[in-house]
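One-letter residues, chain by chain:
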Amino acid sequence: MENAKIKALDFNFYYGAHHVLKNVSAEVIANKVTGIIGPSGCGKSTFLRSINRMNDVISDVKVEGKILLDGKNIYDPEMDVVDIRRQVGMVFQKSNPFPKSIFDNVAYGLRINGIKDKYFIQERVEKSLKDAALWGEVKDRLQKNAFELSGGQQQRLCIARTLAVEPEILLMDEPASALDPTATLKIEELIHQLKSKYTIIIVTHNMQQAARISDYTAFFMLGELVEYDLTSMIFTNPSKKITEDYITGRFG
Amino acid sequence: MKKRQLQEILGFNLLRVCMVLVLLTLAFILYDIISKGAGKISWEFLTAMPRNGMKEGGILPAIVGTVLVTVITAILSIPFGMGAAIYLNEYAKDNNLTRLIRMSIRNLSGVPSIVYGLFGVILFVQAMNIGTCVLSAGLTLGLMTLPWTITASEEALKNVPNSFREGALALGATKWQAIRTNVLPYAISGMLTGTILGLSRAAGETAPILFTGAAFYLPFLPRSLFDQFMALPYHLYIMSTQHHAITQVRPIAYGTALVLITAVFAMNLFATILRYRLRKTKME
Ligand SMILES: Nc1ncnc2c1ncn2[C@@H]1O[C@H](COP(=O)(O)OP(=O)(O)O)[C@@H](O)[C@H]1O
Ligand SMILES: [Mg+2]
């Protein structure tokens, strides 16, 4: 495939003795939205968290194989995990604003990366909130605690916070699963706008959502990547029977 | 009435009686100390040296001694206890060794204080040759409070949601940055509260300072950390059991008790206020 941003090569993942990802190989295309679907427990989150090495924080895990980011193996011992995470942003399933002001939430990533210039921070916060389609709703109350926002706003705040450090890749783990339909729609529109600038990988439980927003879709099952293709192909003409069964809701 | 309902009412009232009994006992102790000690409290009592074989005068050296020793205790207990808790909760792998260490700490917090006293004599007074003094006593109490500080601090750290850590890491924070900027600010109130409660307990201990530096009677204030000192709990013990004119000095004993529990109460109140204020500023 053309323009691969991320390549997984025979990637395996274990929680202790539990073999959760099995020989996953896939290429993620730059500036596209790649959706990951599959029944719960099939390893979607684990795969996503493998791409920014978030699984490092869990004890007793093991990886085999490679994940290449711009051609470099992120599991190479010489790679700096902090750099990787700056480059690969992540939005969590349950929105997790910090108990700080809206402004400080978005500025957090800049500050820990050593940026002190107030005007720079101010501009970047504003830009990120605009990119996350939240600016209009919060511009008059930037100093308010982030917990005062609604669920959908909190999730967009977390997106803004991630955008502020200018990653190249956005990982989203069921970002709308806890939101009502209106808020979900807003997030979906946002993802659509963001893909010109970012490579987006999104896990979703919701088949219609995957069909709506993703250019490519990967179907996982029991830790294996069963099928991976253009979304249009997966949803209209899957090559495997089991994919079809899943998509038509026969199980899962 | 059905049997089950009867049991319910019976059980409920039994528990209520227990609670009332406890409260009554507490109230009686407080009443006893306050009614018999309050009359003794005066500016002179708080600021004067004991006189005339401790039958007259004040308890200044005991107050100063207790304050000094508690400060040493805090200096040992706060950084080491919090540091150990941060290490255990944030850095240490969750393996058998860590679990063993944690279990030992829990067990140490139940060791009788007299044992710490003996340990202090052997380690600080004799092996390290510091002698019986403020420093030895403070270090001994510091050791005794460490398990409490560590346990309370670890609990406070555990209460910080994991999403704060992961959220920070995902933005490119190093582990220490995540802890410093996104965990400690939300744990510090709990850590301090637990620590201060531990210190207030230490301030009232007699056994650990008995062999390590507390003196029966000194007509002067400690001039350095290597001097012996008088302390409120030990003074209280002497005045109520060891003095040659016990009945005559009974009011002094009650006054001392009142000063001691007031100090302890003030520390606990401070801890509560601190927790309340920090909690209010961080979440809502
Ligand atoms: N921290 C963990 N420790 C041990 N096992 C885990 C952990 N996280 C997930 N698992 C297991 O790994 C498998 C895949 O989980 P996950 O990646 O969360 O699936 P999904 O996101 O597709 O629902 C599941 O069987 C789950 O129980
Ligand atoms: Mg998941």
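It should be noted that the structure appears before, not after, this text.
Predicted model, so just to flag it, every value in this text is computed and none were measured.

## Describing the overall build of chain A
Logical step 1: Looking only at helices and strands, one finds ten helices and ten strands in chain A.
Logical step 2: Relative to its length of 252 residues, chain A is compact, with a C-alpha radius of gyration of 18 Å against a globular reference of 18 Å.
Logical step 3: Overall, chain A is about 55 × 45 × 35 Å in size when its C-alpha atoms are taken along their principal axes.
Logical step 4: When the 252 residues of chain A are sorted by exposure, 55% land in the buried category.
Logical step 5: Here the contacts in chain A between residues at least 6 apart in sequence split such that 68% fall between residues at least 24 apart.
Logical step 6: Placing the 32 positive and 32 negative side-chain charges of chain A at their respective mean positions leaves the two points 4 Å apart.

## Details of helix H1 (residues 44-51) of chain A
Residues and elements named next belong to chain A.
Logical step 1: Judged by how many residues are buried, H1 sits mostly within the fold: seven of eight residues are covered.
Logical step 2: All buried positions along H1 are accounted for by Lys44, Thr46, Phe47, Leu48, Arg49, Ser50 and Ile51.
Logical step 3: Just downstream of H1, arginine 53 is the residue with a positive phi angle, here 55°.

## Concerning the site of ligand 1
Residues and elements named next belong to chain A.
Logical step 1: The full set of residues close to ligand 1 is Tyr15, His18, Val20, Ser40, Gly41, Cys42, Gly43, Lys44, Ser45, Thr46 and Ile58.
Logical step 2: A distance of 2.9 Å separates an oxygen atom of ligand 1 from a polar backbone atom of lysine 44.
Logical step 3: Contact with the protein chains covers 61% of the free accessible surface of ligand 1, which is 560 Å².
Logical step 4: Counting residues per element, the ones that place at least two in the shell around ligand 1 are strand E2 (18-29) and H1.
Logical step 5: The leading source of residues in the shell around ligand 1 is H1, at three residues.
Logical step 6: Tallied by class, residues from the shell around ligand 1 come to four nonpolar, six polar and one charged.

## Some points on unusual backbone geometry
Residue and element names in this part refer to chain A.
Logical step 1: At aspartate 10, a residue that is not glycine, the phi angle is positive and equals roughly 40°.
Logical step 2: Along the polypeptide, aspartate 10 turns up in strand E1 (residues 4-15).
Logical step 3: Its identity as a non-glycine residue notwithstanding, glutamate 174 has a phi of 40°, on the positive side.
Logical step 4: Looking at the element boundaries, glutamate 174 is found in the loop between strand E7 (169-173) and helix H7 (181-194).

## Quick notes on the sheet that holds E1 of chain A
Residue and element names in this part refer to chain A.
Logical step 1: Strands sit in the order E2-E1-E4-E5 across an open sheet of four strands; the sheet is antiparallel. Whereas interior strands pair on both sides, the edge strands pair on one side only; in this sheet they are E2 and strand E5 (72-73).
Logical step 2: Across the sheet, H1 touches E1, E2 and strand E4 (61-69), and the angle it forms with E1 is around 120°.

## Some remarks on the packing of aromatic side chains
Logical step 1: Taken as a whole and assessed by the stated rule, the structure comprises nine aromatic pairs over all chains.
Logical step 2: Arranged with centres 5.6 Å apart and planes meeting at 35°, the rings of phenylalanine 11 of chain A and tyrosine 75 of chain A form a pair that is tilted. A residue pair is termed long-range when its members are at least 10 positions apart, and phenylalanine 11 of chain A in strand E1 and tyrosine 75 of chain A in the loop between E5 and helix H2 (81-87) qualify at 64 residues.
Logical step 3: Look at phenylalanine 11 of chain A and you get buried, because its relative accessible area is 0%.
Logical step 4: Tyrosine 75 of chain A gets classed as buried once you look at its relative accessible area, which sits at 16%.
Logical step 5: Consider the rings of phenylalanine 98 of chain A and phenylalanine 164 of chain B, whose centres lie 6.4 Å apart with planes at 70°: the pair is edge-to-face. Taken together, the residues span two chains, with phenylalanine 98 of chain A in the loop between strand E6 (88-91) and helix H3 (102-112) and phenylalanine 164 of chain B in helix H7 (residues 162-170).
Logical step 6: Given the relative accessible area of 0%, phenylalanine 98 of chain A is considered buried.
Logical step 7: Members of the aromatic cluster, each reached through a chain of ring pairs, are Phe98 and Tyr108 of chain A together with Phe164 and Tyr186 of chain B.

Cut-offs and rules
- Going along each chain's sequence as written, the residues are numbered from 1 onward.
- Naming scheme: in the order in which they are written, chains are lettered from A and ligands are numbered from 1.
- Local features are withheld for residues below a pLDDT of 70 in this predicted model, meaning they are given only at 70 or higher, and side-chain atom pairs are given and counted only at 80 or more; totals for whole chains, interfaces and linings count all residues.
- Computation of side-chain values covers all heavy atoms of the structure but excludes hydrogens and water.
- In DSSP terms, a helix is any run of H or I states spanning at least four residues, a strand is any run of E spanning at least two, and both are numbered starting from the N terminus.
- Atoms counted for the radius of gyration: C-alpha only. Globule rule: 2.2 Å times the number of residues to the power 0.38.
- Accessible area is worked out with a 1.4 Å probe on protein chains only. A residue is then buried under 20% of its type maximum, exposed over 50%, and partly exposed in between.
- Here, residues are in contact when the closest pair of their heavy atoms is within 4.5 Å.
- Counted charges follow a simple rule, with Lys and Arg positive, Asp and Glu negative, and His plus the chain ends left uncounted.
- The atom standing in for a charge is NZ when the residue is Lys, CZ when it is Arg, CG when it is Asp and CD when it is Glu.
- To be near a molecule or strand, a residue needs just one of its heavy atoms within 4 Å of it.
- Identification of polar contacts relies on pairs of N or O atoms within 3.5 Å, with a donor-acceptor requirement for protein atoms, meaning one able to donate a hydrogen and the other able to accept it, and with residues adjacent in sequence counted only if both atoms are side-chain atoms.
- Accessibility throughout is a Shrake-Rupley quantity obtained with a 1.4 Å probe, and a residue counts as covered only by protein chains that appear here.
- Three residue categories are used. Nonpolar comprises Ala, Val, Leu, Ile, Met, Phe, Trp, Tyr, Cys and Pro, charged comprises Asp, Glu, Lys and Arg, and polar comprises the others, including Gly.
- Note on pairing: two strands pair once DSSP finds at least 2 bridges between them.
- Where helices are involved, their axes are fitted lines through C-alpha atoms of the stretch in contact, as for all axes, and angles between N-to-C directions lie from 0 to 180°.
- Under the pairing criterion, centres of Phe, Tyr and Trp rings, with the six-membered ring standing for Trp, must be within 6.5 Å; the plane angle then separates stacked pairs below 30 degrees from edge-to-face pairs above 60, leaving the rest tilted.

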